Amino acid sequence: DVKVTQSSRYLVKRTGEKVFLECVQDMDHENMFWYRQDPGLGLRLIYFSYDVKMKEKGDIPEGYSVSREKKERFSLILESASTNQTSMYLCASRPTGRGENQPQHFGDGTRLSIL
Amino acid sequence: AQSVTQLGSHVSVSEGALVLLRCNYSSSVPPYLFWYVQYPNQGLQLLLKYTSAATLVKGINGFEAEFKKSETSFHLTKPSAHMSDAAEYFCAVSERTGRRALTFGSGTRLQVQP
């Protein structure tokens with residue numbers, strides 16, 4: 001089974017802090033994604049990466065950055081946390097080239113509160 | 001840009017009743033289609049995916065979905081609801097080319113009454 005592990009289930013930070021959310025997958029997937037989930041809005045894509053050191057902006061990248069130095073790890077960075085970034089953050093991974101509609105596999109999420 | 005509409009943010013059914021969760025997509029080319037389920041305090045789990053091999057797709061836990069190109073729909077059904085089906089359900093689409101990231105609907109919370 002694919003395992004996507006997010007380093008924290010719950011996190012509380014203060015406004016202005018730099019926040020790191022970590023995600024690790026164990027299936028050698030090329031593609032990794034960061035979403036935020038808010039009530040009534042579903043999941044929205046923040047950033048994704050299709051290879052090491054490669055990244056692309058999703059639909060709501062403002063206030064975030066990402067890092068992918070190793071294939072198995074994809075980090076989401078809040079450069080200067082603000083209260084409107086309080087949310088549930090979900091990481092996902094997906095392989096490439098083994099079928100055209102490979103599903104994404106999700107971690108359990110990090111519920112981040114910015115005070 | 002593609003979009004996904006899930007009609008009904010909350011659906012309540014009685015145990016044993018039919019479950020019908022609606023999903024419509026807007027895309028000029030039929031996308032890849034998925035249904036995910038999220039139980040409280042957990043990530044998303046894949047229920048089923050549309051493979052284009054058959055319009056009726058069977059998933060886990062007795063769920064199935066039918067792809068109707070003419071209606072741009074991919075509704076999720078289960079003949080008989082169980083208490084354990086109470087969760088939030090998300091329909092998602094992915095383009096067949098390009099970035100292939102998922103676009104999600106806003107979700108439908110299913111409540112099952114005893």
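Residues numbered from 1 in each chain as written. Chains lettered and ligands numbered in written order. Predicted model: local features only at pLDDT ≥ 70, side-chain atom pairs only at ≥ 80, totals over all residues. Heavy atoms only, no water.

A. Expanded view of the nonpolar core. Trp35, Leu47, Leu48, Phe74, Leu76 and Tyr89 of chain B are the most contacted members of the largest nonpolar core, which totals 27 residues. When contributions to this core are tallied by element, the ones reaching two or more residues are strand S2 (10–14), strand S3 (19–21), strand S5 (32–38), strand S6 (44–49), strand S8 (64–68), strand S9 (73–78), strand S10 (87–94) and strand S12 (108–113) of chain B. Sorting elements by how many residues they give to this core places S10 of chain B first, with 4 residues. If we ignore the near neighbours within four places in the chain, the residues touching Phe74 of chain B are Cys23, Leu33, Phe34, Trp35, Leu48, Tyr50, Val57, Ala65, Glu66 and Phe67 of chain B. Counting 20 residues, the second-largest nonpolar core is a separate cluster that includes Val19, Tyr47, Ile60 and Leu78 of chain A. (Core = buried A, V, L, I, M, F, W, Y, C linked by side-chain atoms within 4.5 Å. Buried < 20%, exposed > 50% of the residue type's maximum accessible area, 1.4 Å probe, protein only. Helix = DSSP H or I, 4+ residues; strand = E, 2+ residues; numbered from the N terminus. Contact = heavy atoms within 4.5 Å.)

B. Seen up close, the interface of chain B and chain A. Across the boundary between the two partners, chain B contributes 21 residues, which contact 25 residues of chain A. A buried area of about 1800 Å², summed over both sides, lies between chain B and chain A, and 49% of it is on carbon and sulfur atoms. Counting every contact that joins chain B to chain A gives 0 salt bridges. Between chain B and chain A we count 5 residue pairs in polar contact (both at pLDDT 80 or more) in total. Listed by contribution, the elements that provide at least two residues to the side of chain B that touches chain A are S5, S6, S10 and strand S11 (102–104) of chain B. It is S5 of chain B that contributes the most residues to the side of chain B that touches chain A, 4 residues altogether. (Buried area = accessible area lost by both parts, 1.4 Å probe. Salt bridge = Lys/Arg side-chain N within 4 Å of Asp/Glu carboxyl O. Polar contact = N/O pair within 3.5 Å; in protein donor to acceptor, adjacent residues only side chain to side chain.)

C. Here's a closer look at the state of the cysteines. Enumeration according to the criterion identifies 2 disulfides over all chains in this entry. With its sulfur 1.9 Å from that of its partner, Cys23 of chain A forms a disulfide with Cys91 of chain A. Between Cys23 of chain A and Cys91 of chain A, the disulfide has an S-S torsion of -75° and is therefore left-handed. On the criterion of sequence distance, the pair formed by Cys23 of chain A in strand S3 (residues 19–25) and Cys91 of chain A in strand S9 (residues 87–94) is long-range, its members being 68 residues apart. The same class applies to Cys23 of chain A and to Cys91 of chain A, which are both buried. One disulfide in the model links Cys23 of chain B with Cys91 of chain B; its S-S distance is 1.9 Å. (Disulfide = S-S within 2.5 Å.)

D. Here's a closer look at the sheet that holds strand S1 (residues 4–6) of chain A. All names here are of chain A. One open sheet accounts for 4 strands, arranged S1-S3-S8-S7; its pairing is antiparallel. Two strands close off the open sheet at either side, each with one partner strand: S1 and strand S7 (64–70). Here the strands of the sheet are splayed against their neighbours by 20° on average, with no regard to which way each runs. In this structure, S7 lies alongside strand S8 (residues 73–78), joined through 5 bridges in antiparallel fashion. Counted as the bridge partner of Tyr64 is Leu78 from S8. (Pairing = 2+ DSSP bridges. Axes fitted to C-alpha atoms, helices over the stretch in contact; angles between N-to-C directions.)

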